[in-house]
Amino acid sequence: NDSGQVVFLSTFSSQSGIFRYSGGVIEKIALTGDFSPTGGIYTSFESFTSGSTQAPAINSSGQTLFSAVVSGQSGLYVSTEGTVAPILRSFDVTSIGTIGQTMYVGSFANSGKVAVQVTTTTAGKGGFVVAQAGRPPIAFAADGDAAPSGGTYMPSVYATTLGLWPTANVVVND
């Protein structure tokens, strides 16, 4: 970020973790085997792209966004000044359905809001949500919804069938 802070995923021995470098100091954010704020244990730090390795993100406010599996449940988490909180997890309920295991991050705003393309537990159903720690996710476009320029949205077709990044550039402005 503009303050020179860097976040990274590192694997060593039999563990992996999310770390932040700032002002010459490396800080541990989360490590496999640590307890998560949701009550389970971090078992892996999967990516935002369905299980492949991808680096965590940091915004200009110094918040770190990362993806993790906690006791078998995928989720997005944010670390703010040393405190980790869940943002969006599989099995969270939204107006488009129950969130599935696949989440693609579109943007991470300085306010901590995250635009996410998601699949749901309903086959062939997905969409886009805005999520933030401590607040319920808000769905704003789902499969089959009318698109402004005509036609309909089909986010889950691309996410689940083609394995592509989000089908739309979604940006959350503060």
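These remarks concern the structure in this document. (Residues numbered from 1 in each chain as written. Predicted model: local features only at pLDDT ≥ 70, side-chain atom pairs only at ≥ 80, totals over all residues. Heavy atoms only, no water.)

Quick look at the overall build of the protein chain now. Counting its secondary structure elements, the protein chain contains 1 helix and 13 strands. Overall, the protein chain shows an N-to-C arrangement of helices and strands of β-β-β-β-β-β-β-β-β-β-β-β-β-α. Long-range pairs, those at least 24 residues apart, make up 42% of the contacts in the protein chain with a sequence separation of at least 6. Per element, the accessible surface of the protein chain, about 8,400 Å² overall, is 52% carbon and sulfur. (Helix = DSSP H or I, 4+ residues; strand = E, 2+ residues; numbered from the N terminus. Contact = heavy atoms within 4.5 Å. Areas by Shrake-Rupley, 256 points an atom, 1.4 Å probe, with all protein chains shown as cover.)

Moving on to a nonpolar patch on the surface. A contiguous nonpolar surface patch, about 270 Å² in accessible area, is contributed by Val6, Tyr21 and Ile26. By relative accessible area, which is 53% here, Ile26 ends up exposed. (Patch = residues over 30% accessible without salt bridge, like charges linked within 9 Å, V, L, I, M, F, W, Y side chains within 5 Å. Salt bridge = Lys/Arg side-chain N within 4 Å of Asp/Glu carboxyl O. Buried < 20%, exposed > 50% of the residue type's maximum accessible area, 1.4 Å probe, protein only.)

Read across the sheet, 5 strands follow the order E9-E10-E11-E12-E13 without closing on themselves; strand pairing throughout is antiparallel. What marks the edges here is a single partner per strand, and that holds for strand E9 (93-94) and strand E13 (135-142). One ladder, built from 6 bridges, connects strand E10 (residues 97-108) with strand E11 (residues 114-120); its direction is antiparallel. Bridge pairing in E11 places Met103 opposite Val118. (Pairing = 2+ DSSP bridges.)

Here we take up the pairing of E11. Counting buried positions along E11 gives 7 out of 7 residues, so the element sits mostly inside the fold. Here E11 shows a buried face lined by Val114, Val116, Val118 and Thr120 and a second buried face lined by Ala115, Gln117 and Thr119. Hairpin remark: E10 followed by E11, antiparallel, with 5 residues in the connecting loop; positive phi at Gly112, about 95 degrees. Relative to strand E12 (residues 126-132), E11 runs antiparallel, the two sharing 6 bridges. Of the residues in E12, the one forming a bridge with Ala115 is Val130.

Quick look at the environment of Phe35 now. Of note, Phe35 is situated in the loop between strand E3 (25-31) and strand E4 (42-44). The exposed category is assigned to Phe35, whose relative accessible area is 64%. Spatially, the C-alpha atom of Phe35 lies 9.9 Å from that of Ser71, the residues being 36 residues apart in sequence.

Before going further, it helps to examine the packing of aromatic side chains. If you walk through the whole model with that rule in mind, you get 8 aromatic pairs. Aromatic pair Tyr42 and Phe45: ring centres 5.5 Å apart, planes at 35 degrees, arrangement tilted. Owing to a relative accessible area of 4%, Tyr42 belongs among the buried residues under this scheme. An angle of 25 degrees between the planes, with centres 6.0 Å apart, marks the rings of Phe128 and Phe140 as stacked. With Phe128 in strand E12 and Phe140 in strand E13, this pair connects stretches of sequence that are 12 residues apart. The class for Phe140 is partly exposed, based on a relative accessible area of 41%. Here the aromatic cluster, defined as three or more aromatic residues joined through ring pairs, consists of Tyr42, Phe45, Phe66 and Tyr77. (Phe/Tyr/Trp six-rings, centres within 6.5 Å; stacked < 30°, edge-to-face > 60°.)

A few words on the pairing of strand E8 (residues 83-89). Summarising the sheet, strand E7 (residues 73-80) and E8 pair through 6 bridges and their orientation is antiparallel. By the bridge assignment, Thr80 is partnered in E8 with Thr83.

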